[in-house]
Number of protein chains: 2
Amino acid sequence: MKTTPPNIICTVDVVLLTLQDGVLKVALLKRDREPFAGVLSLPGGYIHAEQDADTQDAAMRMLRDKTGIASPYLEQLATFSGRGRDPRGWSISVVYYALVPAAVIEQAGHAEIVMSPVERIKGLPFDHQQIIEAAVQRVRNKSSYSSLPAYLCGETFTLPQLQGVYEALLGEPINKVSFRRKMEEFDVLEPVEGAMETGKANRPAQLYRLRKRLQSKLSLTDRALNTG
Amino acid sequence: MKTTPPNIICTVDVVLLTLQDGVLKVALLKRDREPFAGVLSLPGGYIHAEQDADTQDAAMRMLRDKTGIASPYLEQLATFSGRGRDPRGWSISVVYYALVPAAVIEQAGHAEIVMSPVERIKGLPFDHQQIIEAAVQRVRNKSSYSSLPAYLCGETFTLPQLQGVYEALLGEPINKVSFRRKMEEFDVLEPVEGAMETGKANRPAQLYRLRKRLQSKLSLTDRALNTG
């Protein structure tokens, strides 16, 4: 007699990262149902086969519904799976990570989002701690050879501001000349014509923005940035 | 009235790669059931929640059962998903890739395995073509800054042989001095004491092997190899 194989729980979780005052933070939400009702966790939920075209689409829906954020830079991190990670049974979570400027989260105005410094997270349900660690690791690795950190900047920014974002992610100072050469090599920035940042003690600095075509694409280099 | 949500098909596929005569090849097998019965495709199948601890475990089982290969270097590539990729319905495939020396496949002796050059593959079912392209891309990217290609070598090899493997993967010549410096930096090789490769026209070369503890781990560098 053949028994029906147990269903596998198929979910998507999103690690939404931002930089606030030089600190990398992740968006957490209180779970509204069991298991772990009321506990802070990553935004996520079941895949809806009727409405989601694929898991990326499901992750977009999750972000939109739970954080009010519409079209960030979103990339698949990895899939976490197994018998033990969810008390309901054997489960798969396809995990995505998104990078947005802090202002985007504030403007979305979902008051229930808790932005938590990634270094100080504990007590998360499931394997969400491990998922966040993997996402932070990926973002840090990728930052050393790509334009990824630019997605954490506001719409316009100066080169010193962008360098500050890289340094916050990499956790160490970057050589300024090598940084500027790398940004030219990436070819992802364009100057905002006639726009300078003023009002600071320093001399005014040119404002830049991400090229339109690159707002959801990444530019890579085969050589890491010179730090230290 | 609430209808039961349609089940999601949960599978695992494995991209098993090897290098034969300097050509990167992928293992394909004829499917033994519908859909696409008799058509060459990646080794894969349903996750068995009763016996697989997680998807990595399922991938290991798939490899063992379908190719006879026991414990290769295996890494998660990505998850492919959606409504359209499988005629049976909304599906998820968690994809792993494995790198093994050609001799391991020959010794496993599964005669039905077809080793196909990755550049000449067509007519695969599902999105297997796209999956193989993603795996090859990942292996090539990762080869430029890691010890990954060593998993394609036999148990022992000379440095010129290993350099040849890197060059075959990267598709271009590598500077010999920079290559040897990088291998020292990786610190993944150990000389096989007293063992030299002989019987060639050249002078005998020292034989090396992967350090035991690294046989399923990867060593990374933050700077790509100098090619060209």
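Owing to the predicted nature of the structure, the values given are computational and were not obtained by experimental measurement.

Conventions we followed
Residues numbered from 1 in each chain as written. Chains lettered and ligands numbered in written order. Predicted model: local features only at pLDDT ≥ 70, side-chain atom pairs only at ≥ 80, totals over all residues. Core = buried A, V, L, I, M, F, W, Y, C linked by C-beta atoms within 7 Å. Buried ≥ 20, exposed ≤ 12 C-beta atoms within 10 Å, placed from the backbone. Contact = placed C-beta atoms within 7 Å. Domains from an automatic or database assignment. Helix = DSSP H or I, 4+ residues; strand = E, 2+ residues; numbered from the N terminus. Nonpolar A, V, L, I, M, F, W, Y, C, P; charged D, E, K, R; others polar. Axes fitted to C-alpha atoms, helices over the stretch in contact; angles between N-to-C directions. Parallel < 35°, antiparallel > 145°, perpendicular 65-115°, else oblique. Left-handed = near helix turned anticlockwise from the far one by under 90°. Expected span 1.5 Å × (residues − 1).

Participant: Mind laying out the nonpolar core, listing which residues take part and the relevant values?
Facilitator: The nonpolar side chains of a soluble globular protein tend to be buried with one another. One finds V15(A), L17(A) and V15(B) to be the most contacted residues of the largest nonpolar core, which totals 108 residues. With residues near it in sequence (within four places) discarded, V15(B) still touches V26(B), L42(B), L77(B), V95(B), Y97(B), I131(B), I132(B) and A135(B).

Participant: Please set out the domain arrangement of chain A residue by residue, giving values where relevant.
Facilitator: All names here are of chain A. Segmenting chain A into domains produces domain 1 (9-142) and domain 2 (144-214). Taken over C-alpha atoms, the centre of domain 1 sits 27 Å from the centre of domain 2. At the interface, 13 residues of domain 1 touch 12 residues of domain 2. Contributions of two or more residues to the side of domain 1 that touches domain 2 are made by β1 (9-20) and α3 (128-143). For the side of domain 1 that touches domain 2, the element with the most residues is α3, which contributes 4 residues. Class assignment of the residues belonging to the side of domain 1 that touches domain 2 gives a composition of 8 nonpolar, 3 polar and 2 charged.

Participant: Go over the packing of α3(A) against helix α4 (residues 159-170) of chain A, please, and point to the residues and values.
Facilitator: All names here are of chain A. Two numbers describe how α3 lies on α4: the axes approach to 9 Å, and their chain directions differ by 130°. As the angle between them shows, α3 and α4 are arranged oblique. The chirality of how α3 crosses α4 is left-handed. Side by side, α3 and α4 meet where V139, R140 and S143 of the first sit next to Y166, L169 and L170 of the second. Within the contact of α3 with α4, the residues separate by chemical class into 4 nonpolar, 1 polar and 1 charged.

Participant: Any chance you could break down helix α4 (residues 159-170) of chain B for me, citing the residues and the numbers?
Facilitator: An α-helical turn contains 3.6 residues, so a residue and the one three or four places further along point in the same direction. All names here are of chain B. An ideal rise of 1.5 Å per residue puts 16 Å on 12 residues; α4 measures up with 16 Å between its terminal C-alpha atoms. Buried positions along α4 lie against β1 (9-20), β2 (23-30), α3 (128-143) and α5 (176-186). Looking one or two residues beyond α4, the residue adopting positive phi is G171, at roughly 75°.

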